[in-house]
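Topology and contacts: notes
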Amino acid sequence: MELTQETPDLSAYLAADDIIDHNHPRVRMTAAHLAGKAQDSYAYARLAFEFVRDTIPHSQDSGDPRVTWRASDVLEQGTGICYAKAHALAALLRAEDIPTAFCYQRLADDGDGHVVHGLVAVRFNGAWHRQDPRGNKRGVDAQFSLDGERLAFVAEPKSNEVDYPVLYAEPHPVVLNALKAARDRPHLWQTLPTAL
């Protein structure tokens, strides 16, 4: 699959806003802590990925009812679903000047429908590489990789699953609206986007 930038302006993939608030003290403190352990930007990107994947539980896996969407809130509260964890990882990467995009998959859910899954892409050596910080569990083994994808899920076309090719500079409005409108995670689970 060929990934396509939503905008040719690479600086858009470094921007901070109310959601990807990488100027927030919590994001800056976390980024500085991780950067202190990294020899270069590749090592930093891997550390940031593993930090979000492994230390911020996916709220469905942990049973946490809270809904987070702002990157700093994800880091402070230590919880989030795939979208929120992608926001936190994007903020940590952008804080260290690593271009980061939002990308999505449409996956079959536990029933007979579909749900949109969120992840990120990082830009190294002139190419984009998708990464999925969702969090590992039985049957899910996502790894940071610049040499072939190691995502949490592989879209299966025979199940009408889709890898959306667009690399968004900001979280998709459909995703963000669902997060902001949710009273709690059980409510969010009833209103998750089914397509972009």
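We now turn to the structure provided with this report. Small disclaimer: the values here were computed from a predicted structure and weren't measured.

We now examine helix α6 (residues 173–181). Every buried residue belonging to α6 is among V175, L176, A178 and L179, and all of these are buried. The buried residues of α6 occupy one face: seen down the axis, they fall within an arc of 160 degrees. In α6, those exposed residues whose orientation departs by more than 90 degrees from the buried face are P173, N177 and A181. For α6, the secondary structure elements touched by its buried residues are α5 (82–95), β2 (100–108), β3 (114–124) and α7 (185–191).

Here we come to the pairing of β2. Two faces, one strand: in a regular strand the side chains alternate between the faces of the sheet. Most of β2 sits out of view: seven of its nine residues are buried. Taken together, the nine bridges between β2 and β3 define a ladder with antiparallel strand orientation. Bridge assignment links C103 to a residue of β3, and that residue is L119. Following β2, the chain reverses through five residues before pairing antiparallel with β3. The pairing of β2 with strand β5 (residues 162–163) spans two bridges and is antiparallel. Counted as the bridge partner of R106 is V162 from β5.

What follows concerns the packing of helix α2 (residues 41–55) against α5. At their nearest, the axes of α2 and α5 sit 10 Å apart, and the two run at 155 degrees to each other. One element, α2, and the other, α5, form an angle in the roughly antiparallel class. For the pair α2 and α5, the sense of crossing is right-handed. Contacts from Y44, A45, A48, F49, F51, V52 and R53 of α2 reach α5 at K85, A88, L89, L92 and L93. Its residues placed into classes, the contact of α2 with α5 shows 10 nonpolar, no polar and two charged.

On to unusual backbone geometry, then. Located in the positive-phi region is D97, a residue other than glycine, with phi close to 60 degrees. Counting through the fold element by element, D97 comes out in the loop between α5 and β2. Here the phi dihedral of N125 falls at roughly 55 degrees; this positive angle occurs in a residue that is not glycine. By the element assignment, N125 lies in the loop between β3 and β4 (127–131).

Conventions used here
- Residues numbered from 1 in each chain as written.
- Predicted model: local features only at pLDDT ≥ 70, side-chain atom pairs only at ≥ 80, totals over all residues.
- Heavy atoms only, no water.
- Buried < 20%, exposed > 50% of the residue type's maximum accessible area, 1.4 Å probe, protein only.
- Helix = DSSP H or I, 4+ residues; strand = E, 2+ residues; numbered from the N terminus.
- Arc of directions from axis to C-beta.
- Contact = heavy atoms within 4.5 Å.
- Pairing = 2+ DSSP bridges.
- Axes fitted to C-alpha atoms, helices over the stretch in contact; angles between N-to-C directions.
- Parallel < 35°, antiparallel > 145°, perpendicular 65-115°, else oblique.
- Left-handed = near helix turned anticlockwise from the far one by under 90°.
- Nonpolar A, V, L, I, M, F, W, Y, C, P; charged D, E, K, R; others polar.

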